[in-house]
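Coordinates in review
Chain by chain, the residues run as shown.
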Amino acid sequence: MGQKKDLTGSEKSKIVRYLAEGCSSLKIAKLLKRDHRTIKRFIQNSQQGRKKCVEKPRRKITAHELRKVKRAAAKMPLATSLAIFQSCNITGAPKSTRCATLRDMAKVRKAERRPPLNKTHKLKRQDWAKKYLKTDFSKVLWTDEMRMSLDGPDGWARGWIGKGQRAPVRLRRQQGGGGVLVWAGIIKDELVGPFRVEDGVKLNSQSYCQFLEDTFFKQWYRKKSASFKKNMIFMQDNAPSHASKYSTAWLARKGIKEDKLMTWPPCSPDLNPIENLWSIIKCEIYKEGKQYTSLNSVWEAVVAAARNVDGEQIKTLTESMDGRLLSVLAKKGGYIGR
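Right, let's walk through the structure included here. Just so it is clear, the structure is predicted and the values come from calculations on it, not from any experiment.

Structural notes on the sheet that holds strand 1 (residues 140-149)
In space, the 4 strands of this open sheet follow the order 3-2-1-4, with mixed pairing throughout. If you trace the sheet from one side to the other, it starts and ends with strand 3 (190-196) and strand 4 (233-235), each paired once. Each strand of the sheet is rotated relative to its neighbour by a mean of 20°, with strand direction disregarded. Bridging between strand 1 and strand 4 involves 3 bridges; their strand directions are parallel. Among the inter-strand pairings, Val140 is bridged to a residue of strand 4, identified as Ile233.

Remarks on a negative patch on the surface
Negative charge collects at one region of the surface, where Asp189, Asp310, Glu312, Glu319 and Asp322 lie side by side. When you line up the elements, Glu319 lands in the loop between helix 14 (311-318) and helix 15 (321-330).

Quick notes on the pattern of salt bridges
Applying the stated criterion across every chain yields a total of 8 salt bridges. A salt bridge links Asp136 to Lys139; its shortest N-O distance comes to 2.7 Å. The salt bridge involving Asp199 is made with Arg196; its shortest N-O contact spans 2.8 Å. In this structure Asp199 comes out as partly exposed when scored by relative accessible area, which is 40%.

Notes on the pairing of strand 3
In regular strands, side chains alternate between the two faces of the sheet. Inspection of the sheet shows strand 2 (residues 179-187) paired to strand 3 by 5 bridges, in the antiparallel sense. The residue bridging Gly185 from the neighbouring strand is Val192, located in strand 3. Here strand 2 folds back onto strand 3 in antiparallel fashion, the turn holding 2 residues, of which Lys188 has a positive phi close to 55°.

Here's the deal with the nonpolar core
Core analysis: the biggest nonpolar cluster contains 39 residues, and Trp128, Trp142, Met148, Met262, Ile281 and Ile285 have the highest contact counts within it. Among the elements of the structure, helix 7 (119-131), strand 1, strand 2, strand 4, helix 12 (274-285), helix 13 (295-307), helix 14 and helix 15 are those that each provide at least two residues to this core. If you tally residues by element for this core, the top one is helix 13, at 6 residues. For Met262, the contacting residues outside a window of four places in its chain are Trp128, Tyr132, Phe137, Val140, Trp142, Ile233, Phe234 and Met235.

Things to note about the pairing of strand 2
By the criterion of burial, strand 2 is predominantly enclosed, with 9 of the 9 residues buried. Sheet analysis places strand 1 next to strand 2, joined by 8 bridges and oriented antiparallel. What sits directly across from Arg147, in strand 2, is Leu181.

Topic: the packing of helix 2 (residues 25-32) against helix 3 (residues 36-44)
At their nearest, the axes of helix 2 and helix 3 sit 9 Å apart, and the two run at 120° to each other. When the interaxial angle is binned, helix 2 and helix 3 end up oblique. Crossing of helix 2 against helix 3: the hand is right-handed. In this structure, helix 2 uses Ser25, Leu26, Ile28, Ala29 and Leu32 to contact helix 3, whose residues at the interface are His36, Ile39, Lys40 and Ile43. Among the residues making up the contact of helix 2 with helix 3, the classes are represented as 6 nonpolar, 2 polar and 1 charged.

Section: the packing of aromatic side chains
A complete count under the given rule lists 15 aromatic pairs for this structure. Their ring planes at 70° and their centres at 4.8 Å tell us that Phe216 and Phe217 sit as a pair that is edge-to-face. Phe217 shares its class with Phe216; the two are buried. Sitting above the plane of the Tyr18 ring, Arg17 keeps its charged end 5.4 Å from the centroid. Over the ring of Tyr221 we find Lys229, and its NZ or CZ is 5.1 Å from the ring centre.

Digging into helix 2
Taken together, the buried positions of helix 2 are Ile28, Ala29 and Leu32. For helix 2, the arc enclosing every buried residue in end-on projection is 100°, short of the 170-degree limit, so these residues lie on one face.

Structural notes on the packing of helix 7 against helix 15
With their axes 9 Å apart at the nearest point, helix 7 and helix 15 run at an angle of 140° to one another. As the angle between them shows, helix 7 and helix 15 are arranged oblique. The hand of the helix 7/helix 15 crossing is left-handed. Residue-level contacts link Arg125, Gln126, Trp128, Ala129 and Lys130 of helix 7 to Met321, Leu325, Val328 and Leu329 of helix 15. Of the residues belonging to the contact of helix 7 with helix 15, the class tally is 6 nonpolar, 1 polar and 2 charged.

Conventions adopted
Residues numbered from 1 in each chain as written. Predicted model: local features only at pLDDT ≥ 70, side-chain atom pairs only at ≥ 80, totals over all residues. Heavy atoms only, no water. Pairing = 2+ DSSP bridges. Helix = DSSP H or I, 4+ residues; strand = E, 2+ residues; numbered from the N terminus. Axes fitted to C-alpha atoms, helices over the stretch in contact; angles between N-to-C directions. Patch = residues over 30% accessible without salt bridge, like charges linked within 9 Å, V, L, I, M, F, W, Y side chains within 5 Å. Areas by Shrake-Rupley, 256 points an atom, 1.4 Å probe, with all protein chains shown as cover. Salt bridge = Lys/Arg side-chain N within 4 Å of Asp/Glu carboxyl O. Lys, Arg positive; Asp, Glu negative; His and termini not counted. Charge placed at Lys NZ, Arg CZ, Asp CG, Glu CD. Buried < 20%, exposed > 50% of the residue type's maximum accessible area, 1.4 Å probe, protein only. Core = buried A, V, L, I, M, F, W, Y, C linked by side-chain atoms within 4.5 Å. Contact = heavy atoms within 4.5 Å. Parallel < 35°, antiparallel > 145°, perpendicular 65-115°, else oblique. Left-handed = near helix turned anticlockwise from the far one by under 90°. Nonpolar A, V, L, I, M, F, W, Y, C, P; charged D, E, K, R; others polar. Phe/Tyr/Trp six-rings, centres within 6.5 Å; stacked < 30°, edge-to-face > 60°. Lys NZ or Arg CZ within 6 Å of the ring centre and 35° of its normal. Arc of directions from axis to C-beta.

See below:
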């Protein structure tokens, strides 16, 4: 039984009558279906009602102070409301006032997770964009790996819950409960894979090449025509297992070398369209805060989600490359929106 409003006159009369009959405060609470604490308070002091909360007037923020807060919020991203107001020498403002003031000019957000770009990185991104500006991207195979955990990315288990309903219980496990490493590629309007890396295998140069041999080359590449193989450009990022001398020499023996192996600028996940494919798959397999109890169930969900990605979606991603290159040049090597 939850606490309700103050006792009515009728309820107070009943309490007095029940007390005269020798009933305990606990029994009276059950008879009236009221909180026991409410009954006890009335018995202790029958003339005193529940104290009402009186809202204190908010401290007024002047227009001059408001401008200072706005400048400080722009200079101090991710700072607390207290730190922002203290930097402006504004004292005496309670948290409610600080948050109400900031809510009109900002909103609480998480920091974006992406590798930092220095001057050298930006120059290499610009050089890469200029080099491939006239490339026919329908012939480029974009590849990448992604780990899919049992619990999904942090912060995804959010959503609306009706009043009176309890939030569902989520399992809490270290490292997201483990996960499976998935490799895939996209070219034109086709999805290559996904292929699962064997559990417990750490991808070094040797295991990466063996994995490509057992999956990509044997199950997909060997079925393609000679003209397709002649024109295809293979893209992979600069992970150590990808960019090593061993892997480069191994791919060269497979005929993927020189212009057929795309050079990749550092710190550039925003330029790889397959990153958007991973986002589509993750949104599907972790929707409504879904969790998994086994690695096989995660893998099955990934396969099912990938099967639902149609050719038009993939084509939209691969055809976005011309725009990405122009954006990189326009931003002088800076990050672009994915």
